[in-house]
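# Descriptive analysis of the structure
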Amino acid sequence: MSDLAAKRGAVPAAKKALFLVFNIGGERYALKATEVAEVLPRLPLKPIAHAPSWVAGIFAHRGALVPVIDLSALTFGKPAQARTSTRLVLVNYQPQPWVEARWLGLILEQATDTLRCDLGEFKPYGLDNREAPYLGPVREDALGLMQWIGVNELLTDDVRAVLFSAELSV
C-alpha cells in the first residue's frame, strides 16, 4: 500500500476541521477556518456613531466597507489589548442561508495559531446562554477548554441592521 493510500485510510477527512485559535481574556476560543476570509494586522478604523460599544468601526477593503466588532468587548465588556498578535480577521458572515454572505471584521487577540481536530471533540457545555448564542461547544485538551465561536450568530437583528446595508456584499 502506498504512503498516500495509508494516509487517506488513517483518518476520515470529513471529520477533521481546521480552526483559527485566539484568546479573549486569557481563555482560548476558535473559529472554523472555512469561515475566515483573511487575517490582517490591526488597522485604523472609522468609528460608527450610535453603535454598541463593542462595534470597533469600519474600514475600506478591496472596494468594500467592512464593519468591525471587537470580540473581547462583545463577550466580556473589555476591548482587546493592543498586542502585536492582535489581528483583524475578516470572516464570511451569513446569518441565513438565503442571505448573501458579507465580510465582517473581528478584532481578535493572539490570533496566531491553528488547530486541526475532529469536529466531534467539541461538546455542548450544558448552559443555555441566550445572551451569547455565538458561544458554541467546547473542546478539552492538555491546555484546558477551548470554545467554538459561531460566526453567523454574532449579531442580533438590530445590530445587523446598523452595520450592513443592502448593497454591501462579499
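Residues numbered from 1 in each chain as written. Predicted model: local features only at pLDDT ≥ 70, side-chain atom pairs only at ≥ 80, totals over all residues. Heavy atoms only, no water.

## What to know about the overall build of the protein chain
Counting its secondary structure elements, the protein chain contains three helices and nine strands. Helices and strands in the protein chain line up, N terminus first, as α-β-β-β-β-β-α-β-β-β-β-α. In the protein chain, which comprises 170 residues, the proportion classed as buried is 42%. Surface exposure of the protein chain reaches about 9900 Å², of which carbon and sulfur atoms provide 54%. (Helix = DSSP H or I, 4+ residues; strand = E, 2+ residues; numbered from the N terminus. Buried < 20%, exposed > 50% of the residue type's maximum accessible area, 1.4 Å probe, protein only. Areas by Shrake-Rupley, 256 points an atom, 1.4 Å probe, with all protein chains shown as cover.)

## Some points on the side chain of Gln147
Note on placement: Gln147 falls in strand E9 (residues 144-149). Classification of Gln147 by relative accessible area gives buried; the value is 11%. Of note is the side chain of Gln147, whose polar atom sits 2.9 Å from the backbone oxygen of Gly136. Beyond its immediate chain neighbours, meaning those up to four positions away, Gln147 contacts Arg28, Tyr29, Ala30, Phe122, Tyr125, Leu135, Gly136, Pro137 and Val138. (Polar contact = N/O pair within 3.5 Å; in protein donor to acceptor, adjacent residues only side chain to side chain. Contact = heavy atoms within 4.5 Å.)

## Quick word on the pairing of strand E6 (residues 87-93)
Within E6, five of the seven residues are buried, which leaves the element mostly enclosed by the surrounding structure. Where strand E3 (residues 36-41) meets E6, five bridges bridge the pair, whose relative direction is antiparallel. The residue of E6 that forms the bridge with Val39 is Val89. Judged from the seven bridges that link them, E6 and strand E7 (residues 102-118) form a sheet pairing that is antiparallel. When the sheet's bridge partners are listed, Val91 is paired in E7 with Leu104. (Pairing = 2+ DSSP bridges.)

## Details of the packing of aromatic side chains
Evaluation of the coordinates by the stated rule reveals five aromatic pairs. Here Phe22 and Tyr29 contribute two aromatic rings whose centre-to-centre distance is 6.1 Å and whose plane-to-plane angle is 25°, an arrangement assigned as stacked. You'll find Phe22 and Tyr29 in the same group, each marked buried. Every member of this aromatic cluster is reached through a ring pair, and the members are Phe19, Phe122 and Trp148. (Phe/Tyr/Trp six-rings, centres within 6.5 Å; stacked < 30°, edge-to-face > 60°.)

## Examining the side chain of Arg28
Note that Arg28 resides in strand E2 (residues 27-32). Within polar-contact distance, the side chain of Arg28 engages the side chain of Asp141 at 2.6 Å. When neighbours within four sequence positions are excluded, Arg28 is seen to be in contact with Phe22, Asn23, Asp141, Leu143, Gly144, Leu145, Met146 and Gln147.

## Quick look at the nonpolar core
Counting 30 residues, the largest nonpolar core has Leu31, Ile69, Leu154 and Leu155 as its most contacted members. Elements with a contribution of two residues or more to this core: strand E1 (16-24), E2, helix H2 (71-76), E6, E7 and helix H3 (157-163). Here this core gets four residues from one element, more than from any other, and that element is E7. With sequence-adjacent residues up to four places away left out, Leu31 is seen in contact with Leu18, Phe19, Leu20, Phe22, Val36, Val89, Val91, Leu106, Leu108, Ile149 and Val151. Counting ten residues, the second largest nonpolar core, distinct from the first, contains Leu40, Phe59, Val66 and Ala80. (Core = buried A, V, L, I, M, F, W, Y, C linked by side-chain atoms within 4.5 Å.)

## Quick word on the environment of Glu153
You can see Glu153 is positioned in the loop between E9 and H3. Judged by its relative accessible area of 39%, Glu153 is partly exposed. The sequence separation of Glu153 and Tyr93 amounts to 60 residues, and the corresponding C-alpha distance is 8.9 Å. Residue contacts for Glu153: discarding those within four places in its chain leaves Pro133 and Tyr134.

## Considering the pattern of salt bridges
It is possible for side chains bearing opposite charge to pair when their charged atoms get close. If you walk through the whole model with that rule in mind, you get six salt bridges. Close ionic contact of Glu109 with Arg83 constitutes a salt bridge, the shortest N to O distance being 3.5 Å. One end of the pair, Glu109, is in strand E7; the other, Arg83, is in the loop between H2 and E6, and 26 residues separate them in sequence. The exposure class assigned to Glu109 is buried, which follows from its relative accessible area of 6%. Between Glu121 and Arg139 there is a salt bridge, and its shortest N-O distance comes to 2.7 Å. Of this pair, Glu121 sits in the loop between E7 and strand E8 (135-141) while Arg139 sits in strand E8, and the two are 18 residues apart along the sequence. Taking relative accessible area as the criterion, Glu121 reaches 32% and is therefore assigned partly exposed. (Salt bridge = Lys/Arg side-chain N within 4 Å of Asp/Glu carboxyl O.)

None of this, on its own, says anything about what the molecule does.
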